[in-house]
Amino acid sequence: MKKTLVLGATDNPTRFAYRAVQRLQQHGHAVVPVGIRKGEVGGQPIITDKEQVVEGVDTVTLYVGPQNQPSWYDYILSLKPKRIIFNPGTENRELEKMAQEANIETLYDCTLVMLATDNY
């Protein structure tokens, strides 16, 4: 299964990032929740330290708006994921271009829909 880093993870059950962590786990994917506030989701602590090394990430799925993404660029690219999913509301042509230049696939899609339709 694909190890997925959920950027924008939260312990707020009304947020899509929270649901994404749960659904990814339900589908058997290893999940790494990363966010700006400490908490827990899916039985895992939310990583708030950009210096923490995370290896073997296949997919980064974004739940951070484009206005807040620039401070994450270096972190995301350092993970060397195979792909980045820009969920609705996270579209960012600048990051898309940077990712493509680093040979990282980019998708404008919805992680929850992808999982529900077996297209993840």
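We now turn to the structure provided with this report. (Residues numbered from 1 in each chain as written. Predicted model: local features only at pLDDT ≥ 70, side-chain atom pairs only at ≥ 80, totals over all residues. Heavy atoms only, no water.)

**Considering the overall build of the chain**
Link 1 in the chain: When you go through the chain residue by residue, the secondary structure sums to 4 helices and 7 strands.
Link 2 in the chain: What you see in the chain, going N to C, is helices and strands ordered as β-α-β-β-β-β-α-β-α-β-α.
Link 3 in the chain: Against the 2.2 N^0.38 benchmark of 14 Å for 120 residues, the chain shows a C-alpha radius of gyration of 13 Å, consistent with a compact globule.
Link 4 in the chain: The 120 residues of the chain split such that 46% are buried.
Link 5 in the chain: If you take every contact in the chain between residues at least 6 apart in sequence, the share linking residues at least 24 apart comes to 54%.
Link 6 in the chain: When the accessible surface of the chain is summed, it comes to about 6,500 Å², and 47% of that surface belongs to carbon and sulfur atoms.
Link 7 in the chain: Of note, the chain has its 13 positive side-chain charges centred 3 Å away from the centre of its 14 negative side-chain charges. (Helix = DSSP H or I, 4+ residues; strand = E, 2+ residues; numbered from the N terminus. Rg over C-alpha atoms; globule rule 2.2 N^0.38 Å. Buried < 20%, exposed > 50% of the residue type's maximum accessible area, 1.4 Å probe, protein only. Contact = heavy atoms within 4.5 Å. Areas by Shrake-Rupley, 256 points an atom, 1.4 Å probe, with all protein chains shown as cover. Lys, Arg positive; Asp, Glu negative; His and termini not counted. Charge placed at Lys NZ, Arg CZ, Asp CG, Glu CD.)

**Focus on the pairing of strand S1 (residues 4-7)**
Link 1 in the chain: Burial along S1 is two-sided: the residues Thr4 and Val6 and Leu5 and Leu7 are all buried.
Link 2 in the chain: The pairing of S1 with strand S2 (residues 31-34) spans 4 bridges and is parallel. Counted as the bridge partner of Val6 is Pro33 from S2.
Link 3 in the chain: The parallel pair S1 and S2, bridged by helix H1 (residues 16-26), forms a crossover whose chirality is right-handed. (Pairing = 2+ DSSP bridges. Right-handed = clockwise from strand over helix to strand, strands pointing away.)

**Focus on the environment of Gly65**
Link 1 in the chain: In this structure, Gly65 sits in the loop between strand S5 (59-62) and helix H2 (73-78).
Link 2 in the chain: Since its relative accessible area comes to 18%, Gly65 is described here as buried.
Link 3 in the chain: Sequence-wise, Gly65 and Asn87 are 22 residues apart; in three dimensions their C-alpha atoms are separated by 9.4 Å.

**As for the sheet that holds strand S6 (residues 83-86)**
Link 1 in the chain: In spatial order, the strands read S2-S1-S5-S6-S7; together these 5 strands make up an open sheet with parallel pairing. Pairing within the sheet leaves two strands with one partner each, and these edge strands are S2 and strand S7 (105-108). Strand-to-strand twist across the sheet, computed as the mean angle between neighbouring axes with direction ignored, equals 20°.
Link 2 in the chain: Contacting S5, S6 and S7, helix H3 (residues 93-101) crosses the sheet at an angle of about 150° to S7. (Axes fitted to C-alpha atoms, helices over the stretch in contact; angles between N-to-C directions.)

**Remarks on the pattern of salt bridges**
Link 1 in the chain: This model, assessed by the stated rule, comprises 2 salt bridges.
Link 2 in the chain: With its nearest N and O atoms 3.8 Å apart, the salt bridge here joins Asp58 to Lys82. You can see Asp58 sitting in the loop between strand S4 (44-45) and S5 and its partner Lys82 sitting in the loop between H2 and S6, a full 24 residues away along the chain.
Link 3 in the chain: Relative accessible area serves as the criterion here: at 59%, Lys82 is assigned to the exposed category.
Link 4 in the chain: Arg93 is the salt-bridge partner of Glu96, the closest N and O atoms lying 2.8 Å from each other. Pair noted here: Glu96 and Arg93 are both in helix H3, with a separation of 3 residues, about one helical turn.
Link 5 in the chain: The class of Glu96 is buried, set by a relative accessible area of 13%. (Salt bridge = Lys/Arg side-chain N within 4 Å of Asp/Glu carboxyl O.)

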